[in-house]
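Observations on chain architecture
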Amino acid sequence: MTDDWRDTLQDTGELTPSIVQRILAEHGDRGQRAIEAVSERRVKEYNDFTVVVGHHDEYVIENGGCHCQDSTYNIDTDQGQRCWHALAADIAHAIDELDHHDMYYSDVRDFL
């Protein structure tokens, strides 16, 4: 499947009910978790990385990918699958629902 909802989301700049339905149809529970993370403002934008706050850790999104266990063991990127952290970053960027931090995550991470 293609992620055509991304183009529509980018064009509209908002998470409409029809786009939500498309995300859920394509990504199921991962899509739901991503939408929840965005609505809870758990996607942070630093000068060097986008970070998604998960339930047990913070996940760095780099070049559209994530190093979480789901991505490492369960995701088939050839089939367009993405973990919910990467989906959340995509959604938050498209609708500008990022928690902006004017600092480097690589510096902040040492304190976490």
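First, a word on scope: everything that follows refers to the structure included in this document. (Residues numbered from 1 in each chain as written. Predicted model: local features only at pLDDT ≥ 70, side-chain atom pairs only at ≥ 80, totals over all residues. Heavy atoms only, no water.)

1. Description of the overall build of the protein chain
Selection rule: Secondary structure follows DSSP: runs of H or I at least 4 residues long count as helices, runs of E at least 2 residues long count as strands, and numbering of each begins at the N terminus. Every radius of gyration here is taken over C-alpha atoms, with the globule rule written as 2.2 Å times N^0.38, N being the number of residues. Relative accessibility decides the category of a residue: with a 1.4 Å probe and only protein chains considered, values under 20% of the type maximum give buried, values over 50% give exposed, and everything between is partly exposed.
A tally of helices and strands in the protein chain yields five helices and five strands. From first element to last, N terminus to C terminus, the protein chain shows the α and β order α-α-β-β-β-β-α-α-β-α. For a compact globule of 112 residues, the expected C-alpha radius of gyration is about 13 Å, and the protein chain comes in at 14 Å, within 12% of that figure. Seen through its principal axes, the protein chain has C-alpha atoms that stretch 40 × 30 × 20 Å. In the protein chain, which comprises 112 residues, the share counted as buried stands at 42%.

2. Considerations on the side chain of His85
The line we're drawing: Here, residues are in contact when the closest pair of their heavy atoms is within 4.5 Å.
Its place among the elements puts His85 in helix H4 (residues 84–95). If near-sequence neighbours (up to four positions away) are discounted, His85 is found in contact with Val52, Tyr59, Ile61, Cys66 and Cys68.

3. A look at the nonpolar core
Going by this rule: We call a set of buried residues a nonpolar core when its members are Ala, Val, Leu, Ile, Met, Phe, Trp, Tyr or Cys and they connect through side-chain atoms within 4.5 Å of each other.
Membership of the largest hydrophobic core comes to 25 residues, with the highest contact counts inside it found for Trp5, Leu9, Val38, Val43, Val52, Ala88 and Ile91. Elements represented by at least two residues in this core include exactly helix H1 (4–12), helix H2 (17–39) and H4. Per-element accounting of this core gives the leading share, nine residues, to H4. If we ignore the near neighbours within four places in the chain, the residues touching Val43 are Ala37, Val38, Thr50, Val51, Val52, Ala88, Ala89, Ala92, Glu97, Leu98 and Asp99.

4. Description of H1
For clarity, the cut-off: Directions are taken from the helix axis to each C-beta atom, and the arc is the one they span.
Residues of H1 that are buried include every one of Trp5, Arg6 and Leu9, and no others. The arc enclosing the buried residues of H1, seen along the axis, measures out at 105 degrees, which places them on a common side. The outward face of H1, more than 90 degrees from its buried face, is lined by the exposed residues Asp7, Gln10 and Asp11. Among the structural elements, H2 and H4 are those in contact with the buried residues of H1. Remark: Gly13 follows H1 within two positions and exhibits a positive phi of approximately 75 degrees.

5. What to know about the environment of His100
Relative to the helices and strands, His100 is located in strand E5 (residues 99–100). Counting along the chain gives 47 residues from His100 to Val53, while the straight-line C-alpha distance between them is 13 Å.

6. As for the pattern of salt bridges
Test applied: By convention in these notes, a salt bridge is any Lys or Arg side-chain nitrogen within 4 Å of a carboxyl oxygen on Asp or Glu.
On inspection of all chains with the given rule, the structure shows seven salt bridges. In this structure, Arg6 and Asp90 form a salt bridge, with 2.2 Å as the shortest nitrogen-oxygen distance. Here Arg6, found in helix H1, pairs with Asp90, found in helix H4; they are 84 residues apart in sequence, far enough to count as distant. Overall, Arg6 belongs to the buried group, its relative accessible area being 18%. We classify Asp90 as partly exposed; its relative accessible area is 23%. Here the salt bridges share partners, and the residues they tie into one network are Arg6, Arg82 and Asp90.

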